[in-house]
Amino acid sequence: QVQLVESGGGLVQAGDSLRLSCAASGRTFSSYGMAWFRQAPGKEREIVAHITWSGSSTYYVDSVKGRFTISRDNAKNTVYLQMNSLKPEDTAVYYCAAGRKLPIVVDYWGLGTQVTVSS
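A brief look at the structure comes next. Just so you know, the residues in each chain are numbered from 1, in the order the chain's sequence is written. It should be noted that, the model being predicted, local features are given only for residues of pLDDT at least 70 and side-chain atom pairs only at 80 or more, the latter also being counted only at that level, while totals for whole chains, interfaces and linings use all residues. Water and hydrogen atoms play no part in the side-chain values, which are based on all heavy atoms of the structure.

1. Structural notes on the packing of aromatic side chains
Any Phe, Tyr or Trp ring, taking Trp's six-membered ring, that has another such ring centre within 6.5 Å forms a pair; planes under 30 degrees apart are called stacked, those over 60 apart edge-to-face, and the others tilted. By the definition in use, this model includes three aromatic pairs. Considering the side-chain rings of Phe 37 and Trp 109, the 4.9 Å spacing of their centres and the 65° angle between planes classify their relative orientation as edge-to-face. Placement of Phe 37 in strand S4 (residues 33–39) and of Trp 109 in strand S10 (residues 108–109) is noted, with a sequence separation of 72 residues between them. Owing to a relative accessible area of 8%, Phe 37 belongs among the buried residues under this scheme. On the basis of an interplanar angle of 85° and a centroid distance of 6.3 Å, the ring pair of Tyr 95 and Trp 109 is categorised as edge-to-face. Of this pair, Tyr 95 sits in strand S9 (residues 92–99) while Trp 109 sits in strand S10, and the two are 14 residues apart along the sequence. With a 1.4 Å probe rolled over the protein chains alone, any residue whose accessible area is under 20% of its type maximum counts as buried; one over 50% counts as exposed, and the rest are partly exposed. The exposure class of Trp 109 is partly exposed, given its relative accessible area of 38%. Directly above the aromatic system of Phe 29 lies the positively charged group of Arg 72, at a separation of 4.6 Å from the ring centroid. Runs of H or I in DSSP of at least four residues are treated as helices and runs of E of at least two as strands, each being numbered from the N terminus. Criterion for a charge above a ring: Lys NZ or Arg CZ within 6 Å of the ring centre, and within 35 degrees of the ring normal.

2. Quick look at the nonpolar core
Here, nonpolar core refers to any group of buried Ala, Val, Leu, Ile, Met, Phe, Trp, Tyr and Cys residues whose side-chain atoms link them within 4.5 Å. Counting 31 residues, the largest nonpolar core has Leu 4, Met 34, Trp 36, Leu 81, Met 83 and Tyr 94 as the members making the most contacts within it. Counting only elements with at least two residues in this core, the list comes to strand S3 (18–24), S4, strand S5 (46–51), strand S7 (68–73), strand S8 (78–83), S9 and strand S11 (113–118). Of all hydrophobic cores here, the second largest spans six residues; its members include Phe 37, Ile 47, Tyr 95 and Ala 97.

3. Concerning the pattern of salt bridges
We define a salt bridge as a side-chain nitrogen of Lys or Arg found within 4 Å of a carboxyl oxygen belonging to Asp or Glu. One pass over the full model with this rule turns up four salt bridges. Taking the shortest distance from any N to any O, the salt bridge between Glu 46 and Arg 38 comes out at 2.7 Å. Of the residues examined, Glu 46 reaches a relative accessible area of 31% and is grouped as partly exposed. In this structure, the salt-bridge partner of Arg 38 is Asp 90, at a minimum N-O distance of 3.0 Å. Taken together, the residues span a long stretch of sequence, with Arg 38 in strand S4 and Asp 90 in the loop between S8 and S9 at a distance of 52 residues. Taking relative accessible area as the criterion, Asp 90 reaches 1% and is therefore assigned buried. Overlapping salt bridges, with partners in common, bring together Arg 38, Glu 46, Arg 67 and Asp 90 in one network.

Structural data, given as C-alpha cells:
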C-alpha cells in the first residue's frame, strides 16, 4: 500500500515558477514508477510527466517540455515537479500517481494540489 500526499500548489503569475512535491508512505516506494497528472476544469485528466523507479528515464507531454522537470529522491520517498515559465493554460489540479505499469495503469493516486496561473 502506498499513500501519496501532494504539496506546493498555489496562485502565481504567468512566467513564475512552482515546485510540487509528493510524499509517499510505504517501504516499496522505490519500486514504483511515479507520474504527475493534471486536470483542468471541463477537461480530461492528462499525464504531464513520468519517471521510472530508478529515475533513469523520464517522459513529458509536449506542452511542458523544456519548462517542467520531474525528479525523485528514493531516500526521502518523494517525487518532485519543478515547473518554470508557467502559463495560464497550466492551471489545473495536479495529481501525483504511482504504478508499476505507468502511465497505462495507475495503482495509487494522491488527492491533488491546485495550481492557478494568472495572466
